Amino acid sequence: PRNANVMANGKAATSSVVEEVIEQKLADITTILHSSNGGKSRLHEDILAMVERTLFKIALQRSNNAKGAAAAYLGINRNTFQKKMVKLGIDSAKE
């Protein structure tokens, strides 16, 4: 139906704008973090951890620190959420 196409196009346009904003911000972040010391870069790993940690903190804040609700907000399993919290060094009591 027509409304579905309009909604899909609107979502695609929004995603495009969001990706542009993220690209601009990541360009700045990579400039700050990139090390030219000649060693193996950890840029990809470091940025993914930062993004994931930030998403988890936002999810916890928006769910009043309820891990199950935060996991659902992100669209992941609660057990996966808990394991990643530990890996990322996030303490939900402090976030």
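What you see is a predicted model; the values in this text were computed from it and never measured.

Some details on the overall build of the protein chain
Item 1. Within the protein chain, the regular secondary structure consists of 4 helices and 0 strands.
Item 2. Each helix and strand of the protein chain, ordered N terminal to C terminal, gives the series α-α-α-α.
Item 3. Counting every position in the protein chain, which comprises 95 residues, the buried fraction comes to 14%.
Item 4. Intrachain contacts of the protein chain at a sequence separation of at least 6 include 36% that bridge at least 24 residues.

Observations concerning the pattern of salt bridges
Item 1. Per the stated rule, a full pass over the model turns up 3 salt bridges.
Item 2. Between D46 and R42 there is a salt bridge; the shortest N-O distance is 3.1 Å.
Item 3. Between K84 and E52 there is a salt bridge whose closest N-O contact spans 2.8 Å. On the criterion of sequence distance, the pair formed by K84 in helix α4 (residues 78–88) and E52 in helix α2 (residues 43–62) is long-range, its members being 32 residues apart.

Comments concerning a nonpolar patch on the surface
Item 1. Where nonpolar side chains cluster on the molecular surface, the patch consists of I29, I32, L33 and M50 and spans about 350 Å² of accessible area.
Item 2. Looking at the nonpolar patch, the element that brings in the most residues is helix α1 (residues 2–33), giving 3 residues.

Topic: the packing of aromatic side chains
Item 1. Considering all chains together, one arrives at 1 aromatic pair under this definition.
Item 2. Ring plane angle 0 degrees and centroid distance 4.5 Å describe the contact between F56 and F81, whose orientation is recorded as stacked. Placement of F56 in helix α2 and of F81 in helix α4 is noted, with a sequence separation of 25 residues between them.
Item 3. Take F81: its relative accessible area is 0%, and that puts it in the buried class.

Points about the packing of helix α3 (residues 67–74) against α4
Item 1. The interhelical angle for the contact between α3 and α4, taken along N-to-C directions, is 100 degrees, at an axis separation of 8 Å. Here α4 runs roughly perpendicular to α3, going by the angle between their axes. For the pair formed by α3 and α4, the contact residues are K67, G68, A70, A71 and L74 on the first element and R78, F81, Q82 and M85 on the second.
Item 2. By residue class, the composition of the contact of α3 with α4 is 5 nonpolar, 2 polar and 2 charged.

So, how was this worked out
Residues numbered from 1 in each chain as written. Predicted model: local features only at pLDDT ≥ 70, side-chain atom pairs only at ≥ 80, totals over all residues. Heavy atoms only, no water. Helix = DSSP H or I, 4+ residues; strand = E, 2+ residues; numbered from the N terminus. Buried < 20%, exposed > 50% of the residue type's maximum accessible area, 1.4 Å probe, protein only. Contact = heavy atoms within 4.5 Å. Salt bridge = Lys/Arg side-chain N within 4 Å of Asp/Glu carboxyl O. Patch = residues over 30% accessible without salt bridge, like charges linked within 9 Å, V, L, I, M, F, W, Y side chains within 5 Å. Areas by Shrake-Rupley, 256 points an atom, 1.4 Å probe, with all protein chains shown as cover. Phe/Tyr/Trp six-rings, centres within 6.5 Å; stacked < 30°, edge-to-face > 60°. Axes fitted to C-alpha atoms, helices over the stretch in contact; angles between N-to-C directions. Parallel < 35°, antiparallel > 145°, perpendicular 65-115°, else oblique. Nonpolar A, V, L, I, M, F, W, Y, C, P; charged D, E, K, R; others polar.

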